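# Observations on the three-dimensional arrangement
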Amino acid sequence: MMDFQDFLRHKFAHVAIGEFKPGKFEAAKQLYEEAVSTYTTGFQGAYLLQEPGTDKGISVIFWESVEDMAANQNQMYQSILKKMSPLFAEPPTTVVYELVCEIQPEKEVTGE
């Protein structure tokens, strides 16, 4: 059963913005999917965005808590990150954000 505190708790997003070396986005995407597949406790979803026609991208990974995010940066995750490192044109910018507003589309109401 959820109590009032559960409704006050916000998710956190780990956001990385970077650019890969020319033609390396696809290889990086495969490693990203591999890294995300290792996540367990507290993982709430991951999105990888690519600016069309470029090797620039943004990763957004949602977590239930900062502690869960840290706990999932295990040895397997670190080893995948090490493989991804040389694909970057320069090190990505990473920031952790707190989700303070989440708006879902309303479900369509069907007539009788």
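Quick caveat, the model's predicted, so the values are computed rather than measured.

## Some details on the environment of Trp63
- Position of Trp63 among the secondary structure elements: in strand E3 (residues 56–63).
- Judged by its relative accessible area of 2%, Trp63 is buried.
- As a C-alpha pair, Trp63 and Leu99 span 36 residues in sequence and 9.7 Å in three-dimensional space.
- If we skip the residues at most four places from it in the chain, Trp63 touches Lys11, Phe12, His14, Tyr39, Thr41, Gly42, Phe43, Gln44, Asp68, Met69 and Asn72.

## Points about the pattern of salt bridges
- Inspection of the entire model under this criterion finds four salt bridges.
- The residue Glu26 makes a salt bridge to Lys29 at a minimum N-O spacing of 3.5 Å. One end of the pair, Glu26, and the other, Lys29, are both in helix H2 (residues 25–36), three residues apart, so they sit about a helical turn from each other.
- One salt-bridge network, held together by shared partners, links Glu26, Lys29 and Glu33.

The rules we used
Residues numbered from 1 in each chain as written. Predicted model: local features only at pLDDT ≥ 70, side-chain atom pairs only at ≥ 80, totals over all residues. Heavy atoms only, no water. Helix = DSSP H or I, 4+ residues; strand = E, 2+ residues; numbered from the N terminus. Buried < 20%, exposed > 50% of the residue type's maximum accessible area, 1.4 Å probe, protein only. Contact = heavy atoms within 4.5 Å. Salt bridge = Lys/Arg side-chain N within 4 Å of Asp/Glu carboxyl O.

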